[in-house]
Amino acid sequence: MFIATLIAADRLSESDISTAAALLPGAAGAWVEPGSAYDFFLASPGHPESVLRAALPGVDIIVQPEAHRRKRLLVADMDSTMITVECIDELADYAGLKAEVAEITERAMQGELDFEAALDARVALLEGLDAGVIDRCREERVTLTPGATTLVRTMRSRGATCLLVSGGFTRFAEPVAEAIGFNWALANELLIEADRLTGKVRRPIVGAAAKHDALTEAMAELRLDRADTMAVGDGANDIPMIEAAGLGVAYHAKPAAAAAADARIEHNDLTALLYAQGIPRSQWVTG
């Protein structure tokens, strides 16, 4: 049995359900959350996503097996996924280099540049920057993505393990992980001497391979099936972990990541991933 979940928080109408039902003849259905998320139960997956998306603009569609729907491991990217910004771009702004660094970031996230080489190039531009700017940047620029805390704390309340894996930096990732409620964080360490950035990152770099390995190693340690896992990210360096997860999710993602994913969230916040697991709002942990 498969489930097709329609998600449009606080704006999913009976008319939307009727439109979808006409495209899924014979499929039974039920509300996950009235007005926000609805499940259709399918004998086989077929290819309903593209048809449903065309008929229901503004509605996210997730099709997955009914078994193992509620995940026991979440591995999540940080920048532009769990937070709303790219930390290195914001840090570069304090050096007057945001436009130059942001252009490299965008190309790397699109998959046009090698991630590790692009990271080295961007960090090199920050050589000599006062290390105190890191904490200032985090406090002034970093905002949690809507739904991030609710997603992680609700999953953890149900026994799931949640890992934050970032190609960004520990001085951002560790406080963000603590604020949201992740079990732990993995990220790159900016090297500092005499309270100034050296323009280098400690090896090995946390990139696409490290993100993938964090997922597979946690899965093995926790003795989980692949189907018990979910990964969410937005950029090209998230593709290996998205492809390795039982449910790989592209969140407001670049085209390459969206094409690699099992599911795409384009119109909702991160709580869509709770609806995808069949968890209604009354069971969310919000604080």
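Residues numbered from 1 in each chain as written. Predicted model: local features only at pLDDT ≥ 70, side-chain atom pairs only at ≥ 80, totals over all residues. Heavy atoms only, no water.

1. Thoughts on the overall build of the protein chain
Right, on to step 1. Assigned secondary structure in the protein chain consists of 12 helices and 12 strands.
Right, on to step 2. Taken over C-alpha atoms, the radius of gyration comes to 20 Å for the protein chain, in line with the 19 Å a tight globule of 287 residues would show.
Right, on to step 3. Oriented by its inertia axes, the alpha-carbon framework of the protein chain measures out at about 65 × 35 × 30 Å.
Right, on to step 4. Across the 287 residues in the protein chain, those meeting the buried criterion constitute 53%.
Right, on to step 5. Taking as baseline every contact in the protein chain between residues at least 6 positions apart, the subset at least 24 positions apart corresponds to 66%. (Helix = DSSP H or I, 4+ residues; strand = E, 2+ residues; numbered from the N terminus. Rg over C-alpha atoms; globule rule 2.2 N^0.38 Å. Buried < 20%, exposed > 50% of the residue type's maximum accessible area, 1.4 Å probe, protein only. Contact = heavy atoms within 4.5 Å.)

2. A word on the packing of aromatic side chains
Right, on to step 1. Within this structure, the stated rule accounts for 3 aromatic pairs.
Right, on to step 2. Ring pairs connect the aromatic residues Trp31, Tyr38 and Phe40, which therefore count as one cluster. (Phe/Tyr/Trp six-rings, centres within 6.5 Å; stacked < 30°, edge-to-face > 60°.)

3. As for the side chain of Thr81
Right, on to step 1. Looking at the element boundaries, Thr81 is found in the loop between strand E5 (73-76) and helix H3 (87-93).
Right, on to step 2. Among the polar contacts listed, one links the side chain of Thr81 to the side chain of Asp77, at a separation of 2.9 Å.
Right, on to step 3. Beyond its immediate chain neighbours, meaning those up to four positions away, Thr81 contacts Thr145, Val232, Gly233, Asp234, Tyr251 and Leu270. (Polar contact = N/O pair within 3.5 Å; in protein donor to acceptor, adjacent residues only side chain to side chain.)

4. Points about empty space enclosed by the protein
Right, on to step 1. Under the criterion given, the structure shown has 1 cavity of 30 Å³ or more.
Right, on to step 2. By volume, the largest cavity is sized at about 150 Å³.
Right, on to step 3. As for the largest cavity, its lining consists of 16 residues, of which Asp79, Glu86, Phe115, Gly167 and Gly168 are closest to the centre.
Right, on to step 4. Secondary structure elements with two or more residues in the lining of the largest cavity: helix H4 (98-109), helix H5 (115-124) and strand E6 (161-169). (1 Å grid on protein atoms, 1.4 Å probe; cavity = no way out; pocket = protein on both sides within 12 Å on 5 of 7 lines; lining within 4 Å. Points joined across faces, edges and corners; volume = space filled by probe spheres on them.)

5. Topic: the packing of helix H7 (residues 148-157) against helix H8 (residues 170-180)
Right, on to step 1. Contact geometry of H7 with H8 gives a least axis separation of 9 Å together with a crossing angle of 65 degrees. Considering the angle they form, H7 stands roughly perpendicular to H8. Note on element contacts: H8 touches H7 through Glu178, Ala179 and Ile180, opposite Ala148, Thr149, Val152 and Arg153.
Right, on to step 2. Split by residue class, the contact of H7 with H8 holds 4 nonpolar, 1 polar and 2 charged. (Axes fitted to C-alpha atoms, helices over the stretch in contact; angles between N-to-C directions. Parallel < 35°, antiparallel > 145°, perpendicular 65-115°, else oblique. Nonpolar A, V, L, I, M, F, W, Y, C, P; charged D, E, K, R; others polar.)

6. A few points about the pairing of strand E10 (residues 229-233)
Right, on to step 1. By the criterion of burial, E10 is predominantly enclosed, with 5 of the 5 residues buried.
Right, on to step 2. Side chains Thr229, Ala231 and Gly233 project from E10 onto one buried face, and the interleaved Met230 and Val232 project onto a second face that is buried too.
Right, on to step 3. Strand direction decides the pairing type here: E5 and E10, joined by 4 bridges, are parallel. Bridge pairing in E10 places Leu74 opposite Met230.
Right, on to step 4. Both E10 and strand E11 (residues 247-251) contribute to a ladder of 4 bridges, which runs parallel. From the neighbouring strand, Met230 faces E11, where its bridge partner is Leu247. (Pairing = 2+ DSSP bridges.)

7. As for the nonpolar core
Right, on to step 1. By size, the foremost hydrophobic cluster in this structure holds 64 residues, and its most contacted members are Met82, Leu91, Phe172, Phe182 and Leu273.
Right, on to step 2. At 5 residues, H8 tops the list of elements feeding residues into this core.
Right, on to step 3. Beyond its immediate sequence surroundings of up to four residues, Phe172 is in contact with Met78, Cys87, Leu91, Ile134, Cys137, Arg138 and Val142.
Right, on to step 4. Counting residues in each nonpolar core, the second largest holds 16 residues, with Leu6, Phe40, Leu56 and Ile61 among its members. (Core = buried A, V, L, I, M, F, W, Y, C linked by side-chain atoms within 4.5 Å.)

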